Amino acid sequence: MTGYLREIRPETITERRVTITVNGEQRTVEIEPRVLLAHLLRAGLGLTGTHIGCDTTNCGACTVLVDKKPIKSCTMLAVQADGHEVTTVEGMASASELHPVQEGFRQEHGLQCGFCTPGMMLSAMALLERNPDPTEEEVRWALSGNLCRCTGYQNIVKAVLWAADKMRGTS
Ligand code: FES
Ligand code: FES
């Protein structure tokens, strides 16, 4: 082969050992450096709430929190998460209660097919961590990296404002 295309021989691929705290639990895996965090979560760890809706980093269905910041996990290598904390949708609820953001999405009908919902809720959770009393415009801006084909967004915005009220103890 010519130019920048080089044949890759399987024996030249070395796996790396990576330790990530996922939803509070330390997980150690051996993976190729090219593996995306989204694929590790879904196929490697069975956390299939993280979805993949595009291959160009725009839909946000793969959003997870890495050290509490929303990250599109289709655009991060799993090895880059080594030593970091990852939260997926499966880690949002406590043993007995939904997270207020999850409750808000149910109360305000902020989901239909549910495919965008895990990423959408995690972006919302990160927003409310840094801004407990956002305006509608701030919610829309914070979720602008998350696409939804079903809801038209209006009820998602209401869901996040509902959660904000609940978290501030005003609802
Ligand atoms: S899968 Fe679309 S942004 Fe990650
Ligand atoms: S609820 Fe279907 S894509 Fe958002």
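Residues numbered from 1 in each chain as written. Chains lettered and ligands numbered in written order. Predicted model: local features only at pLDDT ≥ 70, side-chain atom pairs only at ≥ 80, totals over all residues. Heavy atoms only, no water.

Going by what an unreviewed UniProt entry lists, the protein is known as Carbon-monoxide dehydrogenase small subunit and is assigned to Kibdelosporangium banguiense.

Section: the pairing of strand S4 (residues 69-72)
On any regular strand, side chains alternate: one points to one face of the sheet, the next to the other face. Judged from the four bridges that link them, strand S3 (residues 63-66) and S4 form a sheet pairing that is antiparallel. By the bridge assignment, Leu65 is partnered in S4 with Pro70. Once S3 ends, the chain turns through two residues before running back antiparallel as S4, passing Asp67 with a positive phi of about 50°. (Pairing = 2+ DSSP bridges. Helix = DSSP H or I, 4+ residues; strand = E, 2+ residues; numbered from the N terminus.)

A word on the nonpolar core
Note on soluble globular proteins: their nonpolar side chains tend to be buried together. Among the nonpolar cores identified, the biggest contains 23 residues, and Met92, Val101, Phe105, Met120, Leu128, Leu143 and Val160 are the most heavily contacted of them. Of all the elements in the fold, those that place two or more residues in this core are helix H2 (100-107), helix H3 (117-130) and helix H5 (154-168). A total of eight residues in this core trace back to one element, the largest contributor, which is H3. Beyond its immediate sequence surroundings of up to four residues, Met92 is in contact with His99, Val101, Gln102, Met121, Leu122 and Met125. (Core = buried A, V, L, I, M, F, W, Y, C linked by side-chain atoms within 4.5 Å. Buried < 20%, exposed > 50% of the residue type's maximum accessible area, 1.4 Å probe, protein only. Contact = heavy atoms within 4.5 Å.)

A few points about the sheet that holds S3
Read from one edge to the other, the open sheet built from five strands follows the order S2-S1-S5-S3-S4, with strand pairing classed as mixed. In the strand order of this sheet, the two ends are held by strand S2 (25-31) and S4, each with one partner. Geometrically, the sheet is characterised by an average inter-axis angle of 40° between neighbouring strands, direction not taken into account. In this sheet, strand S5 (residues 85-87) lies alongside strand S1 (residues 16-22) in parallel orientation, the contact comprising two bridges. Residue pairing in the sheet places Thr21 in a bridge with Glu85 of S5. (Axes fitted to C-alpha atoms, helices over the stretch in contact; angles between N-to-C directions.)

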